[in-house]
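Inside the fold
Listed below are the residues making up each chain.
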Amino acid sequence: MSNEKKTFYITTPIYYPSGRFHIGTAYTTVAADTMARYKRLLGFDVRFQTGMDEHGQKIQEKAQEANKEPKVYVDEITVAAKKLWSMMDISYDDYVQTTEERHTKAVEKIFQKFLDNGDIYKGEYEGWYCTPCESFFTEMQLVNGNCPDCGRPVHKVKEQSYFFNMKKYADRLLAYYNENPGFIEPESRKNEMINNFIKPGLEDLSVSRSSFDWGIRVPGDAKHVIYVWVDALTNYITTLGYPTDENGEFAKYWPADVQVVGKDIVRFHTIYWPIFLMALDLPLPKKVFAHGFIMMKDGKMSKSKGNVIYPEMLIERYGLDATRYFLLRELPFGSDGVFSPESFVERTNFDLANDLGNLLNRTVSMMNKYFDGVIPTENLVATEFDAALQAQADETITKYEENMDKMQFSVVLSDVWALISRTNKYIDETSPWVLAKDEALKPQLGMVMYNLAENLRRVAVLLQPFMTKSPKEIVRQLGLSEDCLTWASLSGEQAIPTGTTVIDKGEPIFPRLEAEVEMEY
Ligand code: ME8
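Described in the following lines is the structure provided in the data block. Being a predicted model, the structure only gives us computed values, none of them experimental.

1. So, the pattern of salt bridges
Here the structure, examined in full by the defined rule, presents 34 salt bridges. A salt bridge links Asp 94 to Arg 47; the shortest N-O distance between them is 2.6 Å. Placement of Asp 94 in strand E3 (residues 94–97) and of Arg 47 in strand E2 (residues 45–52) is noted, with a sequence separation of 47 residues between them. As far as the burial class goes, Asp 94 and Arg 47 line up, both buried. In this structure, the salt-bridge partner of Asp 89 is Lys 469, at a minimum N-O distance of 2.8 Å. Here Lys 469 lies in the loop between helix H17 (442–463) and helix H18 (470–477) and Asp 89 lies in the loop between helix H3 (70–87) and E3, a separation of 380 residues in the sequence. In the salt-bridge network here, residues are joined through shared partners; they are Arg 47, Asp 94, Glu 100, Arg 102 and Glu 249.

Put into structure tokens, the structure is as follows:
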């Protein structure tokens, strides 16, 4: 056992196929992908899952609007979603569609278990339903008669229903929160759950619907379909083979290490989901991380406002790495943030084109100028500026690990950029053009050149979870193979082999954008 790699299971929400995915959906998925890539870099056996939440009234209505059979409709959107994820280099290991048999059969068994254990009883539901959120509300919970979550109109529902006895688990849930302080992050979300939902008293949850039929049937009572959130939340275990676990995947990967969700669905993931797991006598996920929302200057993205940003637009014009970088650099993970074209152009120009792009360009051209392109590795003599640069590199790596584990992506990137700026400053401090004038100072010049190449290589290693193309391009321009991009190389001795030759002339990795042109665009 001890030789087996440590596992890391990370999930995104499974999204509704209710339309084209915008940058909000991409944001969650890129964040989870970055974490998955980071853990793989460290040598973990990672399982990264995303997918599509395909049942429920909302999707049935969408399919009707599109004049399609629901299954045809959801399959088409899944094809488009997978195309987008491939365009964004999302490295998922499993993609679930809740209409797949591996899932539906398992959900039936889970529902049956709830029935057998007496967690579910039959009654009548009378209250309000928000179809876009697929959520039930009492009269008291409505805000001005509308959905308290999304503000849209709700409709009255009165139908026979199965109910899940949530109350029974409220104390255990609170105790779990207390004993596992890192279970919900950020902390503020936890307080919101306790004060707004658990303390006022959990309502029993209606877990079936009988006024439409696009869903998984309740075992033994085909008039009812299973409530879409019961169906959806269990995806995280059904894909692992629960409850039979024939391949041992469930035993291997559950409980999940991190479940990434947006702030809109925290309640489902930190109240309903843990309670379902408790009822099944299963361990709870180690962490649910709720990030904030990407807003536009005029508020929420919405089709009616015409302010929706689609990831394809950004990627086609600015490239995938600039897009992924922007999403994780601009918004502190956990807080809301505003997407503005101005800040996109600024980040691309200042951080990517100037700081990183120029550092690479200057390094490659000086290497060609002073050492015929061969990175010097012998007869080097340190300069008075080396120790400070090395100290900052060491500190960046230490802080990187700490902040990645906390999923503080914007902090991590800001620290990596501080190292890039420090390396640029090192060029000014050491003035290679001055050293080059004196043959006696060639060993110092060699050291400077080696350090520039080595710090660019380190930066490339550190950027791999965030960017999927540029790290490889950086090392290619430095004449190194991709094998040098390992995590272990960060702490090893001389990482650049003797005889490494940089390319003759590098293309800029991030072209500068003309702000005025882009604003028009
Ligand atoms: O809720 N900013 O699916 P969904 C950041 N099917 N993230 C955003 C965002 C924005 N503006 N808009 C959406 C569902 N998201 C259910 C989930 S899970 C068992 C079932 C992201 O398609 C964010 O992650 O409405 C949010 O939680 C999710 O999309 C909602 O996706």
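2. Some words on the side chain of Thr 423
Note that Thr 423 resides in helix H15 (residues 409–430). In this view, Thr 423 contacts Leu 359, Leu 389, Leu 452 and Asn 455; residues no more than four positions away in its chain are not counted.

3. Brief notes about unusual backbone geometry
In this structure, Pro 243 follows Tyr 242 across a cis peptide bond, with omega equal to 5°. Among the structural elements, Pro 243 can be located in the loop between helix H8 (235–238) and helix H9 (249–253). Pro 255 follows Trp 254 through a cis peptide bond whose omega is 5°. With respect to the helices and strands, the residue Pro 255 is situated in the loop between H9 and strand E12 (258–262). At Glu 134, a residue that is not glycine, the phi angle is positive and equals roughly 50°.

4. Describing the sheet that holds strand E8 (residues 205–206)
Here we have four strands laid out as an open sheet, ordered E5-E4-E6-E8, and antiparallel in their pairing. Two strands bound the open sheet, and with one partner strand each, they are strand E5 (135–137) and E8. Note that strand E6 (residues 155–164) and E8 share two bridges and pair antiparallel. Counted as the bridge partner of Phe 163 is Ser 206 from E8.

5. What about the sheet that holds E3?
Taken in spatial order, the six strands make up an open sheet running E3-E2-E1-E12-E13-E7, and their pairing is parallel. With one partner strand each, in any of the chains shown, E3 and strand E7 (184–185) form the two edges of the open sheet. Pairing geometry for E7 and strand E13 (residues 288–291), over two bridges, is parallel. When the bridges of E13 are listed, Glu 185 appears paired with Phe 289.

6. What to know about the site of the ligand
Lining the immediate surroundings of the ligand are 23 residues, of which Ile 14, Thr 28, Asp 53, Asp 264 and Ile 294 lie closest. Taking Ile 14, its main chain carries an N or O atom lying 2.8 Å from a nitrogen atom of the ligand. Between an oxygen atom of the ligand and a side-chain N or O atom of Thr 28, the distance comes to 2.7 Å. When the ligand sits alone it has 680 Å² of accessible area, and the protein chains cover 91% of it. Broken down by secondary-structure element, the contributors of at least two residues to the shell around the ligand are strand E1 (7–15), helix H1 (23–41), helix H7 (228–233) and H8.

7. Side note on the packing of H17 against H18
One way to put it is that H17 packs onto H18 with a least axis distance of 8 Å and a crossing angle of 160°. Regarding the angle of H17 to H18, the classification is roughly antiparallel. The way H17 lies across H18 gives a crossing that is left-handed. From H17, Leu 456, Arg 457, Ala 460 and Leu 463 reach across to H18, where they touch Pro 471, Ile 474 and Val 475. Across the contact of H17 with H18, the residue classes tally to six nonpolar, no polar and one charged.

8. Section: the packing of aromatic side chains
Applying the stated criterion across every chain, the model contains 37 aromatic pairs. Ring centres of Tyr 125 and Phe 136 lie 4.7 Å apart, and the angle between their planes is 65°; on these two criteria the pair is classed as edge-to-face. A residue pair is termed long-range when its members are at least 10 positions apart, and Tyr 125 in strand E4 (residues 120–130) and Phe 136 in strand E5 qualify at 11 residues. Each member of the pair Tyr 125 and Phe 136 is classed as buried. Ring geometry for Phe 333 against Phe 409: centres 5.0 Å apart, planes inclined by 65°, an arrangement best described as edge-to-face.

9. What to know about the environment of Asp 394
For Asp 394, the position within the fold is in helix H14 (residues 386–405). The spacing of Asp 394 and Glu 76 is 318 residues in sequence and 48 Å in space, taken between C-alpha atoms.

The rules we used
Residues numbered from 1 in each chain as written. Predicted model: local features only at pLDDT ≥ 70, side-chain atom pairs only at ≥ 80, totals over all residues. Heavy atoms only, no water. Salt bridge = Lys/Arg side-chain N within 4 Å of Asp/Glu carboxyl O. Helix = DSSP H or I, 4+ residues; strand = E, 2+ residues; numbered from the N terminus. Buried < 20%, exposed > 50% of the residue type's maximum accessible area, 1.4 Å probe, protein only. Contact = heavy atoms within 4.5 Å. Pairing = 2+ DSSP bridges. Near = heavy atom within 4 Å. Polar contact = N/O pair within 3.5 Å; in protein donor to acceptor, adjacent residues only side chain to side chain. Areas by Shrake-Rupley, 256 points an atom, 1.4 Å probe, with all protein chains shown as cover. Axes fitted to C-alpha atoms, helices over the stretch in contact; angles between N-to-C directions. Parallel < 35°, antiparallel > 145°, perpendicular 65-115°, else oblique. Left-handed = near helix turned anticlockwise from the far one by under 90°. Nonpolar A, V, L, I, M, F, W, Y, C, P; charged D, E, K, R; others polar. Phe/Tyr/Trp six-rings, centres within 6.5 Å; stacked < 30°, edge-to-face > 60°.

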